[in-house]
Amino acid sequence: MPEQPPHSNDQPRWLTPAELETWQHFGLMLDRLPTALDAQLQRDAHLSYIEYYVLAGLSEQPGHRMRMSDLAVRANSEQSRLSHMMSRLERRGLVRREPDPTNGRYTQAILTDAGHAHLTEAAPGHVARVRDLVFDVLDPAELDVLRVAAEKISARIDRGER
């Protein structure tokens, strides 16, 4: 494989054929994986992937509660989008919102007992689908490479956002 010329400010550093193929497969996976997970959750638990992710995030917090602003960051969601989703989940009795007792300027999202029960019921099917699509097709060495790659890419994104 020929070496690429050094990068200069006036010339883009194009992807090699191997990089382009990797990028195309990676992009397809990024697009299709959430769709596949969403389909299973919609069918089995009447939850979207992001709704499940938010409920699971709340379930991991002390008291099953979290500030809406922190939850928006965790869910990579705009506050307004998260607020609309929380309204839908509140109507279903899965969450509630109330002022933060330590600072009334903030609102806390709280996973209700019904929400926790619904999440607990949904989790086995979701984990089975994740296992089927990701973990069962990769050997331990590939999983290590995937984890390290995901950590490095996430860290680079986080540095760029600061």
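Up top you'll find the structure we're talking about.
In this text, all values refer to a predicted model and were calculated from it rather than measured experimentally. (Residues numbered from 1 in each chain as written. Predicted model: local features only at pLDDT ≥ 70, side-chain atom pairs only at ≥ 80, totals over all residues. Heavy atoms only, no water.)

Digging into the packing of aromatic side chains
Evaluation of the coordinates by the stated rule reveals one aromatic pair. Seen from their ring centres, Trp23 and Phe26 are 5.9 Å apart, and the 35° between their planes marks the pair as tilted. Of this pair, Trp23 and Phe26 are both found in helix 1 (residues 17-45), three residues apart, which corresponds to roughly one turn of the helix. Residue Trp23 is classed as exposed on the basis of its relative accessible area of 51%. (Phe/Tyr/Trp six-rings, centres within 6.5 Å; stacked < 30°, edge-to-face > 60°. Helix = DSSP H or I, 4+ residues; strand = E, 2+ residues; numbered from the N terminus. Buried < 20%, exposed > 50% of the residue type's maximum accessible area, 1.4 Å probe, protein only.)

A look at helix 6 (residues 140-161)
The first and last C-alpha atoms of helix 6 sit 32 Å apart over 22 residues, in line with the 32 Å expected at 1.5 Å per residue. A distance of 3.0 Å separates the backbone nitrogen of Ala141 from a side-chain oxygen at the start of helix 6, and that oxygen is part of Asp139. (Expected span 1.5 Å × (residues − 1). Polar contact = N/O pair within 3.5 Å; in protein donor to acceptor, adjacent residues only side chain to side chain.)

Some points on the pairing of strand 3 (residues 107-111)
Counting buried residues along strand 3, four of its five residues qualify, which places the element largely inside the surrounding structure. As judged from the three bridges shared by strand 1 (residues 65-67) and strand 3, these two strands associate in the antiparallel manner. Bridging from a neighbouring strand, Arg67 pairs with Gln108 of strand 3. Here strand 2 (residues 95-99) runs beside strand 3; their pairing, made up of five bridges, is antiparallel. (Pairing = 2+ DSSP bridges.)

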